[in-house]
Every structure is written in C-alpha cells, then in structure tokens.
Amino acid sequence: MFICTVRANTLKFFALIAVSLAVLCAIVLAIPEYTPVTTKAVAAEAEKYNYEKIKTVDDVIEFLEQFGWQVEATPLDEVEIKIPAEFDKVMNSYNELQKNQGLDLSKYRGKTVKRYTFRITNYPDYNGEVMANVIVYKKKVIGGDICTADVTGFICGFGGMSKAK
C-alpha cells in the first residue's frame, strides 16, 4: 500500500505558482502589440506612392515622377542583377536605406531582379550627374535610390536628401 501526504505549505506553494502563471498570462495578453512610431510614419508615407504594376520603362518613369523626379526618357542602364543570399556590411547598409523608405531587400535574397538606372534632370542645388536606380521584382518596386557617382557624392531614398535625414 502506498500513502501520500501533502502538507498545507505544499498546497499554498502550488496555489501561489498557479496564480502567478495566471497573472503573467493575463499581462502578456493585455499588452498591445508595439509598432515603432518611425515604422508607422514610413508606412503612412509609403501608402502615398504606387509601387505596383511596373511592367515597362514608362512605368518606371511614372513611378519616379510620383516623387517629383524628371528623368531622361531612355534609361542609362537596364540590367538583371542578383540580390546576394548573404548580406555583407555594404549590403546591410544599403538595405537600411531601403527600410527607411518602407522597403526591405532581405525578403528577396538570392532572387534575380531588374535594375533600371535613369539620369535625373531636375535635382536641386547640385551640379553633378544625379541618377535614380529602381529595383523591380515581379512588376513591383522593391528598392532603389537617388545617388551620384562622384567621390564626394551622396545616396538617399526616392524622396531625396530631405527624406534621408
């Protein structure tokens, strides 16, 4: 025959653990999902622009015009590139630029995409050559930048230098 005894202290201990777990579950369920303010602002800004239905060079030009850019009708470059499967320091930095404008290239690691490069004709307060790069995957803009090839040049998102800060 087997006899089991339970003391009052043991019952109190398990009751305390059960109540603690119930309170912890209630707290976890009551906490709202956290979304950083900057992400909300970027998402709201991105909703103003159409990133879809990019089939032709003219569609890319219309996409850039949404941001106020005027470009030459013929692209400087139209090439297929492969997004690296592993991001190095430079690619991580470039992807941060993309994230700041509501895009993320990490979702497209290892994919072959198309990059269009246009010369911008209306960039303010800059005398050098300014280019727009637009990266498209399956008729959708997934990344890109506004930049110069100068050594002392710049690179920023589609919104220009005012959006980069």
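Residues numbered from 1 in each chain as written. Predicted model: local features only at pLDDT ≥ 70, side-chain atom pairs only at ≥ 80, totals over all residues. Heavy atoms only, no water.

What sets the pattern is the α-helix's 3.6 residues per turn: residues three or four places apart point alike. Along its 12 residues, helix α4 (residues 89-100) runs 17 Å from first to last C-alpha, staying within 8% of the 16 Å computed at 1.5 Å per residue. Taken together, the buried positions of α4 are occupied by Met91, Tyr94, Asn95, Leu97 and Gln98. Each buried residue of α4 sits inside an arc of 150° when the element is viewed along its axis, so together they form one side. For α4, exposure combined with an orientation more than 90 degrees from the buried face picks out Lys89 and Asn100. Buried residues along α4 sit in contact with β3 (130-137), β4 (140-148) and β5 (155-156). Measuring from the side-chain oxygen of the N-cap residue of α4 to the backbone nitrogen of valine 90 gives 3.3 Å; that N-cap residue is aspartate 88. Where α4 terminates, the next one or two residues include glycine 102, which has phi positive at roughly 85°. (Helix = DSSP H or I, 4+ residues; strand = E, 2+ residues; numbered from the N terminus. Expected span 1.5 Å × (residues − 1). Buried < 20%, exposed > 50% of the residue type's maximum accessible area, 1.4 Å probe, protein only. Arc of directions from axis to C-beta. Contact = heavy atoms within 4.5 Å. Polar contact = N/O pair within 3.5 Å; in protein donor to acceptor, adjacent residues only side chain to side chain.)

To continue, consider the packing of aromatic side chains. Counted under the stated rule, the structure contains nine aromatic pairs. Relative to phenylalanine 67, the ring of phenylalanine 63 lies with its centre 5.3 Å away and its plane at 70°, an arrangement referred to as edge-to-face. By relative accessible area, phenylalanine 63 is classed as buried at 2%. The buried category is assigned to phenylalanine 67, whose relative accessible area is 15%. With a centroid separation of 5.0 Å and 85° between ring planes, the pair formed by phenylalanine 63 and phenylalanine 158 is classed as edge-to-face. (Phe/Tyr/Trp six-rings, centres within 6.5 Å; stacked < 30°, edge-to-face > 60°.)

With antiparallel pairing, five strands are arranged side by side in an open sheet as β1-β2-β3-β4-β5. The two strands at the open ends of the sheet, each matched to only one other strand, are β1 (77-82) and β5. Where β1 meets strand β2 (residues 112-120), six bridges bridge the pair, whose relative direction is antiparallel. Considered in β2, the bridge of isoleucine 81 is made with valine 113. Sheet strands touched by helix α3 (residues 57-65): β1, β2, β3 and β4. Its angle to β2, the strand with the most contacts, is close to 60°. Across the sheet, α4 is in contact with β3, β4 and β5; its angle to β4 comes to roughly 110°. (Pairing = 2+ DSSP bridges. Axes fitted to C-alpha atoms, helices over the stretch in contact; angles between N-to-C directions.)

To continue, consider the side chain of aspartate 104. By the element assignment, aspartate 104 lies in the loop between α4 and β2. Here aspartate 104 is buried and forms no salt bridge, its nearest opposite-charge partner lysine 99 lying at an N-O distance of 4.6 Å. Polar side-chain contacts of aspartate 104 include one of 2.9 Å to the side chain of asparagine 95. Within the structure, the side chain of aspartate 104 is placed 2.7 Å from the side chain of serine 106, a separation counted as a polar contact. Excluding residues that lie within four positions of it along the chain, aspartate 104 makes contacts with Asn95, Gln98, Lys99 and Ile142. (Lys, Arg positive; Asp, Glu negative; His and termini not counted. Salt bridge = Lys/Arg side-chain N within 4 Å of Asp/Glu carboxyl O.)

In this model, lysine 138 sits at a positive phi of 50°, which is unusual for a non-glycine residue. Its location among the elements puts lysine 138 in the loop between β3 and β4. The exposure class of lysine 138 is exposed, given its relative accessible area of 69%. A positive phi angle, near 65°, is found at lysine 139, a position not held by glycine. Considering the arrangement of structural elements, one finds lysine 139 in the loop between β3 and β4. For lysine 139, a relative accessible area of 49% translates into the label partly exposed.

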